[in-house]
There are 2 protein chains.
Amino acid sequence: MFKVTFKFENSEDVSVFAAFGENLLEVARKTNVAIDAPCSGNASCGKCRVKLVGGTLDSKKTRHISDEEYAQGWRLACVSKICDNVEVLVPDIASAYRSRMKVADLSSPDEIKIFDDLKGQVCEAGIALKNDMEVVSIKMDVPSLDDTMPDNERLTRAITEATGMQIVRIPYAVMKKLAVVLRESNFDVQVVWRKNANDVFVYDVLPKDKPAVVAGLAVDIGTTTVSAIIINMLDGSILAKGSSGNGQIRYGADVINRIIESVKPGGSERLQKAVIEETINPLIDTMCRQAKISHNSIYRMSVASNTTMNHLLFGLNGDSIRTEPYIPTFFKTNSMYTADIGIKTNPCAHIIVAPNIGSYVGGDITAGAFVSMLWNKPEFSLFIDLGTNGEIVFGNSDFMFSCACSAGPAFEGGDISCGMRATDGAIEACTIDKETMEPTFTVVGGEGTKPIGLCGSGIIDVIAELFRCGIISPKGKFIREGARVRHDQYGIGSYVLAFEKDAGSVKDVEINEVDIDNFIRAKGAIFSAIRTMLSYCDFDVSMIEHVYVAGGIGSGINMKNAVRIGMFPDVPLELYEYIGNSSLVGAYAMLYSSEAERKVYEVAKNMTYLELSAITSYMDEFVGACFLPHTDASLFPSITE
Amino acid sequence: MFKVTFKFENSEDVSVFAAFGENLLEVARKTNVAIDAPCSGNASCGKCRVKLVGGTLDSKKTRHISDEEYAQGWRLACVSKICDNVEVLVPDIASAYRSRMKVADLSSPDEIKIFDDLKGQVCEAGIALKNDMEVVSIKMDVPSLDDTMPDNERLTRAITEATGMQIVRIPYAVMKKLAVVLRESNFDVQVVWRKNANDVFVYDVLPKDKPAVVAGLAVDIGTTTVSAIIINMLDGSILAKGSSGNGQIRYGADVINRIIESVKPGGSERLQKAVIEETINPLIDTMCRQAKISHNSIYRMSVASNTTMNHLLFGLNGDSIRTEPYIPTFFKTNSMYTADIGIKTNPCAHIIVAPNIGSYVGGDITAGAFVSMLWNKPEFSLFIDLGTNGEIVFGNSDFMFSCACSAGPAFEGGDISCGMRATDGAIEACTIDKETMEPTFTVVGGEGTKPIGLCGSGIIDVIAELFRCGIISPKGKFIREGARVRHDQYGIGSYVLAFEKDAGSVKDVEINEVDIDNFIRAKGAIFSAIRTMLSYCDFDVSMIEHVYVAGGIGSGINMKNAVRIGMFPDVPLELYEYIGNSSLVGAYAMLYSSEAERKVYEVAKNMTYLELSAITSYMDEFVGACFLPHTDASLFPSITE
């Protein structure tokens, strides 16, 4: 056995013993040392860098580490084996995660517009914007030696008088505080309750003199990114909004790798902890501070996420999702409470889960499809959610089909060497001069912000422009030479968007052939899924009347470029509409409106799930789509012109 | 500030800083150092001994510490103040607690007789001996690509087919294991469920091939002692039985001191932890080992205890119980689950709580009164529960009155210098030769077991015999001299039952005037409560047709001696019946029989609570009863003869 010591900049060393030949990334995971590894250890993303500071490692040299870096001690953990007592310095992933957490400025109308838009559309559809949570003043008789009714019966009696409901349920959390609150308020309190068909459920008893906040939490758990809002349950207003990287990323970038990890001993606990303790709870902390409310004021939670994410949230074994016949534990559930899984809200908070309709079409899509309102319109519409998984819904008020394809994290900047989310420093739009091959780009953060990477919409633009300028071939290989085009010692070509001196980071911002290849496969997966599904329904691209594009790729997405690279079908650009993070908006709808909640269940029930892998033509479609724009150019007449 | 170091025989030192003049027992409590203090620090029990091994303490000298012991460094923590950096050795209370834990040998018919007796009586009363828990084999279709229903719907469908019930509730704990269990059992499982009026609640899903145990836990939480049984919910058989000291004892011997402690910052958490983590959970561990079952097989729990104990169990603030107008948080509750409070059972286990009827007449009495069956008989019966609190019920099938008095822990050996529970080494019965003043006694553990202390029934006998032999006066003072009677330096007389050489401990087994005085006050509280209640109901002692005596005092209780010392009314001895720990038996009844559970609620509803402190004659009655047998000898004609 060898001693492996992980060193950190801001915390104490962690040492562990490992056997000869053990993989360093695996050793780190077992020891609960967090090393960023979005590609889950297959040496493709190059993000699991550690610096050797003592001893020797049996490390393969890869294109991600330059000679100079290698000489400095930099290694990829995923290709390093233990062969000695060793000390490695681990870059601080925790601060990387924290820096990925972002709280929105609600004074900006853009941030809340999508929720207001939804409210308008929901009203138009005749769906009531209200839920059953109420806060009501309740005054009881003060007990005396002649009136010795215990506290819970006294409260029950008063609520029965106020509501006419005979059955009043007072849970443990309320029982626990009852004696103190009633006496401190002289039996004159505010009660937070929910009226159900047969009973009143008492969520809280609050002092009379404090303003009572009845808040709810809506969370969109993406494979890569978690977004959330805290709302006022009584008027639907947004009290806080934020997002964070999903802490599960260290166990793999896609759902398959997460499931594989979850099946290992203690795996589902580790994944559950990563998303709850490291992601959702810190996000709630931050949002509660923004909203100036206590965690205890959050009385309900809604979750929209893909099937794997909601299973891992609940610590469920996901193996059966991954293996034929692909059966999840649930599509719908109303058994879950935040207290069951340690989410920091009021302990009575119930979790509303947007329903899954298959192992690979989850609540994020049913919630998103609800938000697109395609179920309420006669037009044949396409709903495309671009995430780590790409999901597609096609239909109208009469029918709906849905399917999923694994696009990988490329749309959110994962699996791309300079990829990042659409935060400060991300190149979000780009044009390239065909003659000079010089780029012009827009960076998130505004003028003067130096570029440090590329977000999804930026990658689309760069690839479309490289292709349009003839710098790369339809296969994504570099075919022109120039000051910004270069090849490394392995012969891999790249295009430099910003040289180190102009960049916000300590290295060039560039896109290389591996990145382009990853992206082509991602866009190919989306396009072939659309084609396969439409054919299956006996539809043709020309019959599409509206396309809703959702997901975290960013509102800056250039639809023309997305069509140009063969990601989206070649229909008139005016049919395209970017609707933002429809999953979060759907979670909001379910949280705030009980009728919307029921409607999402109805949408889910009416949606037919298509398992693409069971359709033989899908693989051929995919292979054809891994090309710029497509092997069949006739599918993109406007590009070919 | 001074540094206080607590040293232990078997664990590491604990150090803390304390201010000049701070009380050592208080410092220990704040530091979570457990020192036995049944009298809660009023210097009466002499049990909070610590040994000074470094520095100086400002300690009063009391009669509990001999000169020799004082010289060795022994001090009572409760009368020691900090005046120096100090090191004290703390006797190991943890092992003392463990040694108080006792598991019954179920092969002895005596141990289960009371439960069998109850079953007979319950049947006679026409109450069905059954509950709604079932374990049923359920076989589902194995999923396939053509039948992709998720696991929870598949199980629901199968249960609906089996029961005809449309609503099937599958809680989180079951959801969590569902995928794995279904697949390991090839969708052929055993389901533990409970059929309610409107739904089926699924407690567990178990592999087909393992014998399914559906167990329940009944607990009697006494102020001093906690007793429990694990039963088979399907046939009512007893699987394990045990008892333990209540870990809360270190915060005071009676309910009042416990409530005072609970109101301090963090107090209710400390008391809850003491009874759950230190008492009930270790007892469950031990009983599960005895029964050879897993904690997860315990699907329901019932609790019978006094009002304070059930409030402290749930971590509720007890202050309002203690202060006028004496209002508890609940009489009845069905909101509680073991998972809420960390009791080690299946996480879905619901807690049935025997209902309280007042702040000082709790579920132990309603459960016990149920067991006595007095509510089902025409005779005027008295039910006396002897515990740290004494509670009395009088009535028949037409009416019931109840009241409570604070007897202190004397009946269970507390507040008595050589007091102990009825375990090995306890003198449980005694006679004294009037001439020689030599005692003859029976010791628990059988012939050859050396005496180490006195249990409740032994104390009654010794006092009755000392009084009968004229060794003590009606006031409990020694009035004869002899080899076994002696007086200490403070003039306090005592009677030696066993000299050190004949004793199982390292000191004489004796009873002194302080002990006798404590016991006279305890028995006076009981007798005066009986008298006051009977008068209040316009009844007279002569109208009593049956007396049920319950509590942990032991089946060896000599009723004649109990009458002789004026503890029980002077009615024919054949009217007396000792029914054992009726509180635990009542908890068993509620756990095993749903109809019995309802009946206990009915008994509680029909019982009128009498607040003795509100009856002016009670204090006079009490003063008169603090005498052997009573200041009014005419009340005890058979003794006076």
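Residues numbered from 1 in each chain as written. Chains lettered and ligands numbered in written order. Predicted model: local features only at pLDDT ≥ 70, side-chain atom pairs only at ≥ 80, totals over all residues. Heavy atoms only, no water.

Student: So what exactly am I meant to see when it comes to helix 13 (residues 456-468) of chain B here?
Tutor: Residue and element names in this part refer to chain B. The terminal C-alpha atoms of helix 13 lie 18 Å apart, and with 13 residues this matches the ideal 18 Å at 1.5 Å per residue to within 8%. Taking burial as the measure, the 13 residues of helix 13 include 12 buried ones, the bulk of the element. Every buried residue of helix 13 is listed here: Gly 456, Ser 457, Gly 458, Ile 459, Ile 460, Asp 461, Val 462, Ile 463, Ala 464, Glu 465, Leu 466 and Phe 467. Residues of helix 13 that are buried sit in contact with strand 19 (426-432), strand 21 (453-454), strand 23 (493-498), strand 24 (509-512), helix 14 (513-536) and helix 15 (559-564). Of the residues one or two after helix 13, Gly 470 is the one with positive phi, at around 70°. (Helix = DSSP H or I, 4+ residues; strand = E, 2+ residues; numbered from the N terminus. Expected span 1.5 Å × (residues − 1). Buried < 20%, exposed > 50% of the residue type's maximum accessible area, 1.4 Å probe, protein only. Contact = heavy atoms within 4.5 Å.)

Student: Before we go on, may I ask you to explain the packing of aromatic side chains in this structure?
Tutor: Overall, the coordinates contain 40 aromatic pairs over all chains when judged by the stated rule. Consider the rings of Phe 380 of chain A and Phe 539 of chain A, whose centres lie 4.8 Å apart with planes at 75°: the pair is edge-to-face. With Phe 380 of chain A in the loop between helix 12 (363-372) and strand 16 (381-386) and Phe 539 of chain A in the loop between helix 14 (513-536) and strand 25 (546-551), the pair connects residues that are 159 residues apart, well separated along the chain. We classify Phe 380 of chain A as partly exposed; its relative accessible area is 23%. Members of the aromatic cluster, joined through ring pairs, are Phe 380, Phe 394, Phe 399, Phe 401, Tyr 536 and Phe 539 of chain A. For the cation-ring pair, Arg 49 of chain B lies above Trp 74 of chain B, with the distance from its terminal atom to the ring centre recorded as 5.9 Å. (Phe/Tyr/Trp six-rings, centres within 6.5 Å; stacked < 30°, edge-to-face > 60°. Lys NZ or Arg CZ within 6 Å of the ring centre and 35° of its normal.)

Student: Is there a simple way to think about the relation of the copies chain A and chain B in this case?
Tutor: Both copies of the chain are related by one operation, a rotation about an axis with a shift along it. Note on the copies: chain A fits chain B at an RMSD of 0.1 Å, the axial shift is 0.0 Å, and the rotation between them is 180°. What the rotation and shift describe, once combined, is the action of a two-fold rotation axis. Of the interface residues in chain A, 100% have counterparts in chain B that sit at the interface too, so the contact is made through matching surfaces. (Least-squares fit on C-alpha atoms with pLDDT ≥ 70 in both.)

Student: What's the story with unusual backbone geometry in this structure? I'm lost.
Tutor: Cis geometry marks the peptide bond from Glu 324 of chain A to Pro 325 of chain A, where omega comes out at 0°. Looking at where Pro 325 of chain A falls in the secondary structure, it is placed in the loop between helix 10 (319-322) and helix 11 (338-341). Put simply, Leu 628 of chain B and Pro 629 of chain B share a cis peptide bond, and its omega is -15°. Residue placement: Pro 629 of chain B occurs in the loop between helix 18 (617-625) and helix 19 (637-640). Backbone geometry at Tyr 326 of chain A places phi at a positive 55°, although glycine is not the residue there. Although it is not a glycine, Asp 538 of chain B adopts a positive phi angle of roughly 60°.

Student: I'm lost on the pattern of salt bridges in this one. Help?
Tutor: Where charged atoms from two side chains of opposite charge come close, those side chains can pair. All names here are of chain B. Applying the stated criterion to the full structure yields 56 salt bridges over all chains. Residue Arg 49 is joined to Glu 69 by a salt bridge in which the shortest nitrogen-to-oxygen separation is 2.9 Å. In this pair, Arg 49 sits in strand 3 (residues 49-59) while Glu 69 sits in helix 2 (residues 67-72), placing the two residues 20 residues apart along the sequence. By relative accessible area, Glu 69 is classed as partly exposed at 21%. The salt bridge partner of Arg 486 is Glu 510, with a shortest N-O separation of 3.1 Å. Here Glu 510 lies in strand 24 and Arg 486 lies in strand 22 (residues 485-487), a separation of 24 residues in the sequence. (Salt bridge = Lys/Arg side-chain N within 4 Å of Asp/Glu carboxyl O.)

Student: Got a minute to help me understand the packing of helix 7 (residues 255-263) of chain A against helix 8 (residues 267-291) of chain A in this structure?
Tutor: Helix-helix packing: each pair is described by the crossing angle between the helix axes and the interaxial distance. All names here are of chain A. Look at helix 7 against helix 8: their axes get within 5 Å of each other, and the N-to-C directions meet at 125°. Taken together, the axes of helix 7 and helix 8 are oblique relative to one another. Residue-level contacts link Arg 258, Glu 261 and Ser 262 of helix 7 to Gly 267, Ser 268, Arg 270 and Leu 271 of helix 8. Tallied by class, the residues present in the contact of helix 7 with helix 8 amount to one nonpolar, three polar and three charged. (Axes fitted to C-alpha atoms, helices over the stretch in contact; angles between N-to-C directions. Parallel < 35°, antiparallel > 145°, perpendicular 65-115°, else oblique. Nonpolar A, V, L, I, M, F, W, Y, C, P; charged D, E, K, R; others polar.)

Student: Please explain the confidence of the model for chain A as it appears in this structure.
Tutor: The predicted coordinates ought not to be read in detail in places where the model reports low pLDDT. In this model, chain A carries an average pLDDT of 91, and 96% of its residues clear a pLDDT of 70 or more. This prediction of the complex comes with two scores: 0.85 for pTM and 0.85 for ipTM. (pLDDT = per-residue confidence, 0-100.)

Student: I keep staring at the interface of chain A and chain B and nothing clicks. Help me out?
Tutor: Bring the parts together and some accessible area is lost; that lost area is often taken as the interface size. Between chain A and chain B, the contact holds 39 residues from the first and 39 residues from the second. Of the roughly 3,000 Å² buried between chain A and chain B, counting both surfaces, carbon and sulfur atoms make up 63%. Where chain A meets chain B, there are zero salt bridges. Across the contact surface, chain A and chain B share 14 residue pairs in polar contact (both at pLDDT 80 or more). Sort the elements by how many residues they give to the side of chain A that touches chain B and helix 6 (residues 172-184) of chain A lands first, with seven residues. (Buried area = accessible area lost by both parts, 1.4 Å probe. Polar contact = N/O pair within 3.5 Å; in protein donor to acceptor, adjacent residues only side chain to side chain.)

Student: What's the story with the domain arrangement of chain A in this structure? I'm lost.
Tutor: All names here are of chain A. Examined at the domain level, chain A breaks down into domain 1 (2-91), domain 2 (99-124 + 213-353), domain 3 (133-207), domain 4 (363-409 + 519-640) and domain 5 (424-508). Between the C-alpha centres of domain 4 and domain 5 there is a distance of 28 Å. Between domain 4 and domain 5, roughly 1,300 Å² of surface is buried when both sides are summed, and carbon and sulfur atoms account for 75% of that area. Considering only the surface of domain 4 that becomes buried against domain 5, Phe 519, Arg 564 and Leu 628 emerge as the three largest contributors, covering 41% of it. At the boundary of domain 4 with domain 5, the tally comes to one salt bridge. (Domains from an automatic or database assignment.)

Student: What's the story with the side chain of Asp 188 of chain B in this structure? I'm lost.
Tutor: Residue position: Asp 188 of chain B is located in strand 9 (residues 188-195). Non-local contacts of Asp 188 of chain B, meaning those with residues more than four positions away in its chain, are made with Ile 138, Lys 139 and Lys 208 of chain B.

Student: How should the sheet that holds strand 27 (residues 607-609) of chain A be read in this particular structure?
Tutor: Strand pairs in the sheet, formed through backbone hydrogen bonds, run parallel or antiparallel to each other. Residue and element names in this part refer to chain A. Read across the open sheet, the six strands follow the order 26-25-16-17-18-27; overall the sheet is mixed. Strands with a single pairing partner mark the edges of an open sheet, and in this sheet they are strand 26 (576-580) and strand 27. Each strand axis lies, on average, 20° off the axis of its neighbour in the sheet, ignoring direction. Where strand 16 meets strand 17 (residues 389-395), six bridges bridge the pair, whose relative direction is antiparallel. The partner of Asp 385 across the bridge, within strand 17, is Glu 391. (Pairing = 2+ DSSP bridges.)

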